[in-house]
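One-letter residues, chain by chain:
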Amino acid sequence: MMTYSIETNVNGRPRAAEVTARDTLLDVLRDHWDVFEVKNGCEQGDCGVCTVILSGKAVNACLTLAVQANGKDVVTAKGIGSPKEPHLLQTKFVEHGAIQCGFCTPGMLTSAKVLLDQNPKANRQEIREAIAGNLCRCTGYKKIVDAIEAAAAKPES
Amino acid sequence: MEMNTRIISHEFEYFAPNSIQETLILLDQHGSEAKIIAGGTDLVSQMKMGKHTPAYIIDIKRIKELQYIAGDMVLKIGAGNNLRGVMNFFLPASVPYAGLYESIRSIGKTQVLNMATIGGNLCNGSPKADTAPPLLTYDARIKLVSLKGERILALKDFHSGPNRTIMEANELMTEIQLDKLPKGTSSAFEKKARVGADISKITCAVTVVRDGDVCRSCRIALGAAAPVPMRAFQAESMLTGKIMNDALTEETSQQVAQEINPPTVGRTHPEYRRHLAAVMFKDGFRRAWQQAGGGK
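Quick caveat: nothing in here was measured; it's all calculated off a predicted structure.

Trainee: Can you help me understand the interface of chain B and chain A in this one?
Mentor: Bring the parts together and some accessible area is lost; that lost area is often taken as the interface size. Every contact between the two is made by 23 residues of chain B and, on the other side, 24 residues of chain A. Only strand E1 (13–15), helix H2 (43–48), strand E3 (56–59) and helix H5 (110–115) of chain B provide two or more residues apiece to the side of chain B that touches chain A. Considering each element in turn, the side of chain B that touches chain A owes the most residues, five residues, to H5 of chain B.

Trainee: Help me out: how do you make sense of the sheet that holds strand E5 (residues 73–75) of chain A in this one?
Mentor: Whether parallel or antiparallel, the strands of a sheet pair through hydrogen bonds between backbone atoms. Residue and element names in this part refer to chain A. Read from one edge of the open sheet, five strands run E2-E1-E5-E3-E4, paired in mixed fashion. The outermost strands of the open sheet, each flanked by one partner alone, are strand E2 (13–19) and strand E4 (57–60). In this sheet, adjacent strand axes meet at a mean angle of 40° when their direction is disregarded. Summarising the sheet, strand E1 (residues 4–10) and E5 pair through two bridges and their orientation is parallel. Note that in E5 the partner of Asn9 across the bridge is Asp73. The strands touched by helix H4 (residues 105–118) within the sheet are strand E3 (51–54), E4 and E5, with E3 carrying the most contacts at an inclination of about 35°.

Trainee: Could you clarify how one ought to interpret the sheet that holds strand E6 (residues 141–146) of chain B in this entry?
Mentor: Residue and element names in this part refer to chain B. Taken together, five strands build an open sheet; the order of strands is E4-E5-E10-E6-E7 and the sheet is antiparallel. Bordering the open sheet on either side are strand E4 (69–70) and strand E7 (149–154), each of which pairs with just one other strand. Alignment of E6 against E7, held across six bridges, turns out to be antiparallel. Bridge pairing in E7 places Arg141 opposite Ala154.

Trainee: Quick question: what am I supposed to make of the nonpolar core here?
Mentor: As a rule of thumb, nonpolar side chains are buried together in soluble globular proteins. Val206 and Ala277 of chain B are the most contacted members of the largest nonpolar core, which totals 137 residues. Residue contributions to this core peak at nine residues, all from helix H10 (residues 270–292) of chain B.

Trainee: Looking at this model, I keep getting lost on the environment of Thr268 of chain B. Mind explaining?
Mentor: All names here are of chain B. Position of Thr268 among the secondary structure elements: in the loop between helix H9 (246–259) and H10. Considered as a pair, Thr268 and Ile202 are 66 residues apart in the sequence and their alpha carbons are 9.5 Å apart. Beyond its immediate chain neighbours, meaning those up to four positions away, Thr268 contacts Lys201 and Arg273.

Criteria and cut-off values
- Residues numbered from 1 in each chain as written.
- Chains lettered and ligands numbered in written order.
- Predicted model: local features only at pLDDT ≥ 70, side-chain atom pairs only at ≥ 80, totals over all residues.
- Contact = placed C-beta atoms within 7 Å.
- Helix = DSSP H or I, 4+ residues; strand = E, 2+ residues; numbered from the N terminus.
- Pairing = 2+ DSSP bridges.
- Axes fitted to C-alpha atoms, helices over the stretch in contact; angles between N-to-C directions.
- Core = buried A, V, L, I, M, F, W, Y, C linked by C-beta atoms within 7 Å.
- Buried ≥ 20, exposed ≤ 12 C-beta atoms within 10 Å, placed from the backbone.

Here it is in structure tokens:
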């Protein structure tokens, strides 16, 4: 069985693994590197819970082969901010109660982070489009959009 | 119905060439047992369903030579452009190509638009490929390259059956070419899916060249309406050079419904697809017609 050495930078920390070509980035994040904030949902690119920021772009980790991420930067919800120093988006998610069961939240945050990086003053419509690939089955979209909108309204300090 | 097994159950070798030339050499050696991966949004999920079990995967995502959009009289779009890049290039302001913009936008999911490429959307061969109908109405051409040379052919001759194309195992699609559209041209794209951002149930693209009340020409293409993305040539011919009125649009829509060749198996009844085809043609035509007339 052929293996490949890959190196990535996950949330600023260098990571390496021996993988087979068929391992997805999602497999390697969770199974090799214990990056459990990246959730495993549909595994076919429908639900968006595995959304990570790969070289600045929101992608589905379940549809990305781990070998394709070699040499790239990966940012997850934990890389956006920490409990001690939360990102404004994370603060606003808490303030607006934009979390019910929490399973979609890491993906929502990574999608929202990329949006605000590219479009800091995104409006509601743009926010809705940016999270169009992220499903929330608790029907909590309104609060999520509210939270992202509140973060968009304020310049990041 | 294929099941998502959630794992890719077979082993394969992975190559990440840095140039078109390297890719062609790999395709020459392994083509018949290889699959090209670009965005992977179709291929990876299909491998998880066991639909494809290639021995080799050739990743062209890193090849910068395939990522350009340039040209004036002939617009050349590198096959490796991701869909978001193509969509942003054709913002609605560029009226003639609004249908292509709308088709990509209809895919909706940010992550998929970031990953998936325009070449992949076509090479996957799906009769449902969202970008195929608008490109067909622009008379798009595609460039296929192999170590033996290159060939340029009309997109309408590319798909050969459900999930099949005429591309040889040693070939790589490198470019999509669009001729500059004449003044007074506009286009629109209509899609019906089970829910938004879902795989299409049926799609329709319409491109019109308008001169006052006269339709100089109209090109109509449909996706998920036949074994391959198709043009409705007979319906088109009903409009060439005609002064437009509602009765003619209605009559043409009935011809569109007749001309499609909907699958008889699957979730959607053929008669329903025919009904949708007629309605979507009328909606698409109306929008393209108005845009071409400066909103009138």
